[in-house]
Amino acid sequence: MHGSADRSNETALIRAAQGGDAEAFEQLVRSYDQSVLRMALNLLHSPEDARDIYQEAFLRVYKKLPQFRFDCAFSTWLYRIVANLCLDQIRKRKVRKEEAAAVTTTSGEMDRFQFLPEQRADVDPQRQLMSSEVSERINAVLDKLTPRERLVFEMRHYQGMRLRAIGESLGVTEEAAKNCLFRATQKMRAALGDFL
Amino acid sequence: MTCQEVQLNLSLYLYGELDFAQEEAFERHLEGCALCERALNREKEWHAAAYAERQDVSFELLSECRRSLRTALRSGRSPELRTSWWARFIPTGFSATRWSVQIAAASFLVFAGFTAARWMDNGRLAPGSGSGFARMGLLDMSNAHVREIEPAGQNGVRIIIDRVQQQEVTGNLDDDTVRQWVLAAMQDPSDPGIRVNSVEILQHQSGPDVRDALINTAKTDSNAAVRIKALEGLRQFAADAATRRAVEFVLKHDNNADVRAEAIDILVPADRPAPAMTPDVLTTLQDILNSEQENDYVRARSLQVLRAMNISGPVY
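Right, let's walk through the structure included here.

How each quantity is defined
Residues numbered from 1 in each chain as written. Chains lettered and ligands numbered in written order. Predicted model: local features only at pLDDT ≥ 70, side-chain atom pairs only at ≥ 80, totals over all residues. Heavy atoms only, no water. Helix = DSSP H or I, 4+ residues; strand = E, 2+ residues; numbered from the N terminus. Buried < 20%, exposed > 50% of the residue type's maximum accessible area, 1.4 Å probe, protein only. Contact = heavy atoms within 4.5 Å. Areas by Shrake-Rupley, 256 points an atom, 1.4 Å probe, with all protein chains shown as cover. Phe/Tyr/Trp six-rings, centres within 6.5 Å; stacked < 30°, edge-to-face > 60°. Lys NZ or Arg CZ within 6 Å of the ring centre and 35° of its normal. Expected span 1.5 Å × (residues − 1). Buried area = accessible area lost by both parts, 1.4 Å probe. Salt bridge = Lys/Arg side-chain N within 4 Å of Asp/Glu carboxyl O. Polar contact = N/O pair within 3.5 Å; in protein donor to acceptor, adjacent residues only side chain to side chain. Nonpolar A, V, L, I, M, F, W, Y, C, P; charged D, E, K, R; others polar. Arc of directions from axis to C-beta. Core = buried A, V, L, I, M, F, W, Y, C linked by side-chain atoms within 4.5 Å. Pairing = 2+ DSSP bridges.

This part takes up the overall build of chain B. Scanning chain B from N- to C-terminus turns up 15 helices and 2 strands. Going through the 316 residues of chain B one by one, you find that 36% of them count as buried. Across chain B, contacts joining residues at least 24 apart in sequence account for 52% of those joining residues at least 6 apart. Surface summary for chain B: the accessible area is close to 19200 Å², and the carbon and sulfur share equals 53%.

Structure below.
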């Protein structure tokens, strides 16, 4: 929703949803849910986790909508909720990964992630034929970004959000978001710039 | 701007996040510096490669999420479904104790009652007209649309309102009404999620009405995922001449590689001998092999089909 007509339509939907109109709430969800789900899926690389984030985010929106006072754009408010949920999940996962990256098997100690199913291989036949080297390197460097750098990179590079909106969603200044993006792109360039 | 400054700002430039003056200086430098231009091209390459890693949301996952959310909201996992309307008049940061809020609300209600009574006494608000909330700005217009409005007598007005009413239809797909609703939902232009759900529901149904609807969707839907679903549904009609003509049309004209791949799989199932093909389809398959831009999988399948039919294709 970008134009002024869309914005006034969105305001009407929010007011109706605040008044308990379930259909208006559903329309509001449908305006944003694809990008929320895509963001969670890209950040967490797990459909199950993305589904949990989706559900939790919209339930929180539903719960807190009566208190929404239009102090900021609805999208900023929504992405703040999604960003916090994703950050929590990434941080939890990093802790789990550090704690339990290795498991002991009958063949000795092995990396736990070797046992995880490949999440993408069967999605697109084109991918099966593509060299996976670039893809692996990109995912490796994304994995090494700090949770906040990862989130800012996701919001700017994949979701196309402006730095100002990213800053508002994360509760930081535009300059802080810019610095975070700067660090993330430096790391990406260092890992990929000469590789491609 | 120096080379170092330009190269530090390559990504911000590509994201359009430099301010006007910085962007001007950046572009001025770039015009005369081959080194920085090369660096910018490398930057564009990794941007594109990283973007290609973006995972798209499948309609199955999206539909599942929507269903679970709807269930959670209905089952009451969510908090109260409807807040009292007067709660909206209380500011968020209001820290008065509960009794004072109740007194304020009660006073407001008494005031509203007196005001409404005065209006009605003055004949300005006819009893039973149901427009009191409109006067107070509380009319819910989210599901209504004013179709016509005209003066009617002195100070009067005649309004014709179209109101959308939610209705639930539950039933078996053999029921003609239910079936017609699902077929209509397949054409819903506003939501590809509804279209993909409708196609999924009809996928295992037979009958010429289902076949024709699936053909129409496969040929004309604006969303590639919906077209793929429709083609999956057409597998059961693969022996039918009208279906084969439609799938051939899709193979020839669709601009999405995954849709074309699905079309080949229907025309020539991988696990069965290739059936007779029209010369037109064979030409299309040969064109695919010759095209540099074509998707690898589609080219590989075309080659496989042509080989199975002992038709030589170009070296691939």
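From this point on, the discussion continues.
When helices and strands are tallied, chain A shows 9 helices and 2 strands. Reading chain A from its N terminus to its C terminus gives the helix and strand order α-α-α-α-β-β-α-α-α-α-α. Looking at chain A residue by residue over its 196 residues, the buried ones come to 44%. Expressed as a percentage of contacts within chain A between residues at least 6 apart in sequence, the contacts between residues at least 24 apart total 61%.

All right, on to the packing of aromatic side chains then. Applying the stated criterion to the full structure yields 11 aromatic pairs over all chains. Here A:F153 and B:W46 contribute two aromatic rings whose centre-to-centre distance is 6.3 Å and whose plane-to-plane angle is 25°, an arrangement assigned as stacked. With A:F153 in helix 7 (residues 147-158) and B:W46 in helix 4 (residues 34-52), this residue pair bridges two chains. Among the aromatic side chains, those forming a connected cluster through ring pairs are A:Y32, A:F68, A:F70, A:F74 and A:W77. Above the ring of B:F249, the side-chain terminus of B:K219 is found at 4.8 Å from the ring centroid.

We now examine helix 9 (residues 174-192) of chain A. Each α-helix winds once per 3.6 residues, and so residues spaced three or four apart point in a common direction. End to end, helix 9 of chain A covers 26 Å across 19 residues, agreeing with the expected 27 Å (1.5 Å per residue, within 8%). Within helix 9 of chain A the residues assigned to the buried category are A:A177, A:K178, A:C180, A:L181, A:A184, A:T185, A:M188, A:R189 and A:L192.

We now examine the interface of chain A and chain B. Taken together, the contact pairs 58 residues of chain A with 53 residues of chain B. Between chain A and chain B the total buried area reaches about 5300 Å² when both faces are included, carbon and sulfur atoms providing 55% of it. Put simply, chain A and chain B have 7 salt bridges between them. Along the contact surface separating chain A from chain B lie 16 residue pairs in polar contact (both at pLDDT 80 or more). Elements with a contribution of two residues or more to the side of chain A that touches chain B: helix 1 (4-18), helix 2 (22-44), helix 3 (47-64), helix 5 (125-129), helix 6 (133-144), helix 7 and helix 9 of chain A. Element by element, the count of residues in the side of chain A that touches chain B is highest for helix 2 of chain A, at 11 residues. Residue classes in the side of chain A that touches chain B are distributed as 24 nonpolar, 15 polar and 19 charged.

Residue and element names in this part refer to chain B. In this model helix 3 (residues 20-31) runs 17 Å from its N-terminal to its C-terminal C-alpha over 12 residues, within 8% of the 16 Å that 1.5 Å per residue would give. Listed in full, the buried residues belonging to helix 3 are A25, F26, H29 and L30. Looking down the long axis of helix 3, one finds its buried residues gathered within 135° of arc, a one-sided arrangement. What points out from helix 3, more than 90 degrees from its buried face, is the exposed set F20, A21, R28 and E31. As for helix 3, its buried residues are in contact with helix 1 (3-8), helix 2 (10-14) and helix 4. Near the N-terminus of helix 3, the side chain that reaches the backbone nitrogen of A21, with its oxygen 3.2 Å away, is that of D19.

Within the fold, A:N42 resides in helix 2. Accessibility expressed as a relative area gives 2% for A:N42, which makes it buried. At 2.9 Å, the side chain of A:N42 forms a polar contact with the backbone nitrogen of B:Q55. Apart from residues lying up to four places away in sequence, A:N42 is in contact with A:R150, A:E154, B:E53, B:R54 and B:Q55.

On to the pattern of salt bridges. Counted under the stated rule, the structure contains 22 salt bridges over all chains. A single network of salt bridges, built from pairs that share partners, joins B:E60, B:E200, B:K229 and B:E232.

A general feature of soluble globular proteins is that nonpolar side chains tend to end up buried together. Core analysis: the biggest nonpolar cluster contains 122 residues, and A:L65, A:F74 and A:F153 have the highest contact counts within it. A total of 12 residues in this core trace back to one element, the largest contributor, which is helix 2 of chain A.

Further remarks concern the pairing of strand 2 (residues 157-163) of chain B. Residues and elements named next belong to chain B. The pairing of strand 1 (residues 144-151) with strand 2 spans 7 bridges and is antiparallel. Counterpart to I149 in the pairing with strand 2 is I159. Between strand 1 and strand 2, which pair antiparallel one after the other, the connecting turn spans 5 residues, and G153 there sits at a positive phi close to 70°.

The subject of this paragraph is the side chain of B:S63. All names here are of chain B. Within the fold, S63 resides in helix 5 (residues 59-75). With relative accessibility at 7%, the residue S63 sits in the buried group. At 2.7 Å, the side chain of S63 forms a polar contact with the backbone oxygen of F59. Contact partners of S63, with chain neighbours within four places excluded, come to V196 and N197.

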